[in-house]
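So you can see what is in the structure, the chains are spelled out below.
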Amino acid sequence: MAARRLSSLFSRSLTSGSASKLLSQGRTVSRFSTAAATEKLITPSVDIEYTRLLINGHFVDSASGKTFPTYDPRTGEVIAHVAEGDAEDVNRAVAAARKAFDEGPWPKMSAYERSRILLRFADLVEKHSEELAALETWNNGKPFEQAAKAELPMFARLFHYYAGWADKIHGLTVPADGPYHVHTLHEPIGVAGQIIPWNFPLLMFAWKVGPALACGNTIVLKTAEQTPLTALYVARLFQEAGLPPGVLNIVSGYGPTAGAALASHMDVDKIAFTGSTDTGKIILEMAAKSNLKPVTLELGGKSPFIICEDADIDQAVELAHFALFFNQGQCCCAGSRTYVHERVYDEFLEKAKARALKRTVGDPFKKGIEQGPQIDSEQFQKVLRYIKSGIESNATLECGGERFGSKGYFIQPTVFSNVQDDMLIAQDEIFGPVQSILKFKELDEVIRRANSTRYGLAAGVFTKNINTANTLTRALRAGTVWVNCFDVFDAAIPFGGYKMSGIGREKGIYSLHNYLQVKAVVTPLKNPAWL
Ligand code: NAI
Ligand code: MG
């Protein structure tokens with residue numbers, strides 16, 4: 001398949017004339033707008049070389065020979081055609097992973113050797129991080145600076161972290177009653193099926209692949225249909241790092257075909273999923289109806305961000321803005337219900353609106369851009385529908401509310417005030433740049449309201465009062481509570497949801513439990529009476 005290139009030549013200031021000349025040479029992709037083309041872009045050079053499925057150490061076409069298009073969300077234009085896996089490809093990938101687990105070296109390899117392969121991989125990622133960040137932005141639309149400066153370093157960090165765990169996983173000796181020696185072995189589960197979303201294609205890969213490999217499992221991973229490219233690129237780096245064939249298999253494709261085949265496969269020993277709550281329910285059902293494989297789910301959220309009356313308002317505005325708008329609002333843990341104490345509400349609102357109006361939207365490859373396009377037409381339409389619903393339910397539209405520009409999937413940073421708990425925009429996950437500001441009076445009241453949601457992924461608290469912070473951190477029913485900070489994601493910090501936000505925890509020591517079986521081994525002590 002012909003490689004496409006996002007050329008470093010774009011980093012020059014181009015007139016539209018020279019840009020089209022480059023395009024005619026087939027060496028660059030189209031640009032976001034004529035205006036953007038005259039600005040200084042910061043695009044490094046990257047080719048799309050890996051578009052086929054990775055099965056048993058080989059990049060292969062799908063069994064059906066079918067491909068699907070993948071897009072540049074800046075323009076909606078196709079940037080590559082990717083092999084489309086379905087049930088037959090999943091069968092092949094699972095067979096390869098099974099063989100690599102049952103007969104291959106991976107689970108039997110010394111933990112130290114496994115750790116060294118993960119370290120080598122992380123080092124290779126650091127070496128290629130510019131190209132990877134460019135590919136991530138090209139396929140996802142997130143600001144290049146965010147991908148390059150925050151996400152790629154975190155991606156490498158996650159693998160350094162899990163490399164550290166690989167040779168530190170061990171069981172216990174158990175003081176059982178009677179003349180027995182009892183110990184536990186912490187063994188890998190087997191073949192792990194993993195289904196990831198498109199909002200953080202590489203980081204979601206790391207959250208799942210890191211612990212599974214550290215524990216000695218083999219993997220079949222299905223990427224999101226919107227963002228198949230970076231996982232295939234890093235899979236090649238895994239080969240270079242010495243990962244044996246069949247240990248990591250990647251099947252690009254759609255949810256109801258490839259995803260469903262994986263979740264309901266009889267020879268997959270565990271399934272891990274990140275995405276919508278609706279799809280999470282389907283995955284759980286497929287796991288139950290097939291071989292009862294254990295399931296971990298990281299699902300949607302409607303996370304409250306609570307600004308107390310003693311808060312520094314300028315800081316609170318900035319943090320609440322970040323909590324919601326980061327990554328185009330496409331975060332499962334977005335602080336999407338901004339509760340503000342009535343005494344500081346008016347000042348907060350005025351400043352929050354001013355901040356949103358200042359947000360820089362545009363080509364994510366441009367320096368200083370805070371917000372790129374939404375991932376695709378479906379998400380773009382969904383967000384616009386929620387904005388319409390907010391207006392119709394009589395929330396006050398303070399700013400934004402419409403498409404930004406005329407090309408691609410950009411949406412204006414949008415702020416609603418006067419939002420009530422029963423409005424759809426305060427209940428559903430919008431997954432876009434839409435901030436909903438709600439007023440509260442009493443601490444007990446805001447606790448009750450913050451918790452009255454089917455979700456429980458995260459929460460934010462902004463206060464200088466330690467008693468208020470302690471009260472809120474204990475009362476909020478959420479898997480993470482950030483106090484005077486938000487979106488702090490170290491590799492060691494566990495993440496996951498209460499209620500319909502999920503099952504289980506990822507990252508940190510807790511994530512290892514998802515990929516280990518505990519075996520109790522019981523041996524009589526010497527000279528038992530019956531021997
Ligand atoms: P989705 O949950 O449908 O898709 C996520 C992953 O699941 C993708 O890889 C997809 O191919 C796969 N999938 C979809 N249907 C499947 C099925 N029947 N069986 C197996 N796998 C399946 O999410 P989608 O449609 O991309 O976005 C819808 C909404 O989900 C978003 O608007 C947002 O609210 C939420 N979402 C939440 C994410 C999170 O980080 N928790 C990430 C992405 C979306
Ligand atoms: Mg879906």
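Everything quoted here is computed from the prediction, not taken from an experiment.

Here is what the cut-offs are and how they apply
Residues numbered from 1 in each chain as written. Chains lettered and ligands numbered in written order. Predicted model: local features only at pLDDT ≥ 70, side-chain atom pairs only at ≥ 80, totals over all residues. Heavy atoms only, no water. Buried < 20%, exposed > 50% of the residue type's maximum accessible area, 1.4 Å probe, protein only. Helix = DSSP H or I, 4+ residues; strand = E, 2+ residues; numbered from the N terminus. Pairing = 2+ DSSP bridges. Right-handed = clockwise from strand over helix to strand, strands pointing away. Expected span 1.5 Å × (residues − 1). Contact = heavy atoms within 4.5 Å. Core = buried A, V, L, I, M, F, W, Y, C linked by side-chain atoms within 4.5 Å. Domains from an automatic or database assignment. Axes fitted to C-alpha atoms, helices over the stretch in contact; angles between N-to-C directions. Parallel < 35°, antiparallel > 145°, perpendicular 65-115°, else oblique. Nonpolar A, V, L, I, M, F, W, Y, C, P; charged D, E, K, R; others polar. Salt bridge = Lys/Arg side-chain N within 4 Å of Asp/Glu carboxyl O. Near = heavy atom within 4 Å. Polar contact = N/O pair within 3.5 Å; in protein donor to acceptor, adjacent residues only side chain to side chain. Areas by Shrake-Rupley, 256 points an atom, 1.4 Å probe, with all protein chains shown as cover.

Draft legend 1. Representation of the pairing of strand 11 (residues 248-251). Where burial is concerned, the two faces of strand 11 agree: the one with L248 and I250 and the one with N249 and V251 are both buried. Here four bridges tie strand 10 (residues 218-222) to strand 11, and the two strands are oriented parallel to one another. Its bridge partner being in strand 11, V220 is matched across the sheet by N249. Each parallel crossover has a hand, and for strand 10 linked through helix 8 (residues 229-241) to strand 11 it is right-handed.

Draft legend 2. Up close: helix 13 (residues 377-392). Between its terminal C-alpha atoms helix 13 stretches 22 Å, which fits the 22 Å expected from 16 residues at 1.5 Å a residue. Buried residues of helix 13: Q379, F380, V383, Y386, I387, S389 and G390, and no others. The inward-facing, buried residues of helix 13 abut strand 17 (414-417), helix 14 (424-427) and strand 18 (434-440). Phi for N394, located one or two positions after helix 13, is positive at around 75 degrees.

Draft legend 3. Just the nonpolar core, in detail. Membership of the largest hydrophobic core comes to 104 residues, with the highest contact counts inside it found for F155, F159, F205, F238 and F348. Looking at which domains feed residues into this core, each of domain 1 (47-299) and domain 2 (304-492) supplies at least three. In contact with F159, other than residues within four places in its own chain, are L118, F121, A122, F205, A206, V209, G210 and F238. Core analysis: the next-biggest nonpolar cluster, separate from the first, contains 27 residues, V383, Y386, I387 and M423 among them.

Draft legend 4. Geometry of the packing of helix 4 (residues 111-127) against helix 5 (residues 129-140). Closest axis-to-axis distance for the helix 4/helix 5 pair is 5 Å, and the angle between their directions is 75 degrees. The pairing of helix 4 with helix 5 is recorded here as roughly perpendicular in orientation. Contact with helix 4, carried on its side by V125, E126 and K127, involves S129, E131 and L132 of helix 5 and no other residues of that element. For the contact of helix 4 with helix 5, a count of residues per class yields two nonpolar, one polar and three charged.

Draft legend 5. Just the pattern of salt bridges, in detail. Tallying each qualifying case throughout the model produces 29 salt bridges. Its salt-bridge partner being D269, residue R98 comes within 3.0 Å of it at the nearest N-O pair. Residue R98 is found in helix 3 (residues 87-102), and its partner D269 is found in the loop between helix 9 (255-263) and strand 12 (270-274); the two are separated by 171 residues along the sequence. Here R98 falls in the buried class, since its relative accessible area comes to 16%. For E347, the salt bridge is made with K351, and the minimal N-O distance between the two is 3.0 Å. Placement of the pair is E347 and K351 together in helix 12 (residues 345-358), with a separation of four residues, close to one helical turn. Overall, E347 belongs to the partly exposed group, its relative accessible area being 37%. Sharing partners across several salt bridges, the network here consists of R98, D102, D267 and D269.

Draft legend 6. A look at the site of ligand 1. The immediate surroundings of ligand 1 are formed by 28 residues, with W198, E225, S276, K382 and E429 found nearest. Here a nitrogen atom of ligand 1 and a backbone polar atom of G275 are 3.2 Å apart. Between an oxygen atom of ligand 1 and a side-chain N or O atom of T279, the distance comes to 2.9 Å. Contact with the protein chains covers 89% of the free accessible surface of ligand 1, which is 800 Å². Secondary structure elements with two or more residues in the shell around ligand 1: helix 9, strand 12, helix 10 (277-289) and helix 13. Among the elements that take part in the shell around ligand 1, helix 9 stands out by supplying four residues, more than any other. Partitioning the shell around ligand 1 into residue classes produces 13 nonpolar, ten polar and five charged. Shared between two domains, the shell around ligand 1 takes at least three residues from each, and those domains are domain 1 (47-299) and domain 2 (304-492).

Draft legend 7. Broad picture of the sheet that holds strand 17. The sheet built from seven strands is open, its strands ordered 16-17-18-15-14-19-20 with mixed pairing. Looking at strand neighbours, the two that pair on one side only are strand 16 (396-399) and strand 20 (480-483), the edges of this open sheet. Neighbour-to-neighbour, the strand axes of this sheet turn through a mean angle of 25 degrees, independent of strand direction. The pairing of strand 19 (residues 458-462) with strand 20 spans four bridges and is classified as parallel. Within strand 20, the position partnered with G460 by the bridge is W482. Strands in contact with helix 15 (residues 443-451) are strand 14 (303-307), strand 15 (335-341) and strand 18; relative to strand 18, the strand with the most contacts, it is inclined by about 145 degrees.

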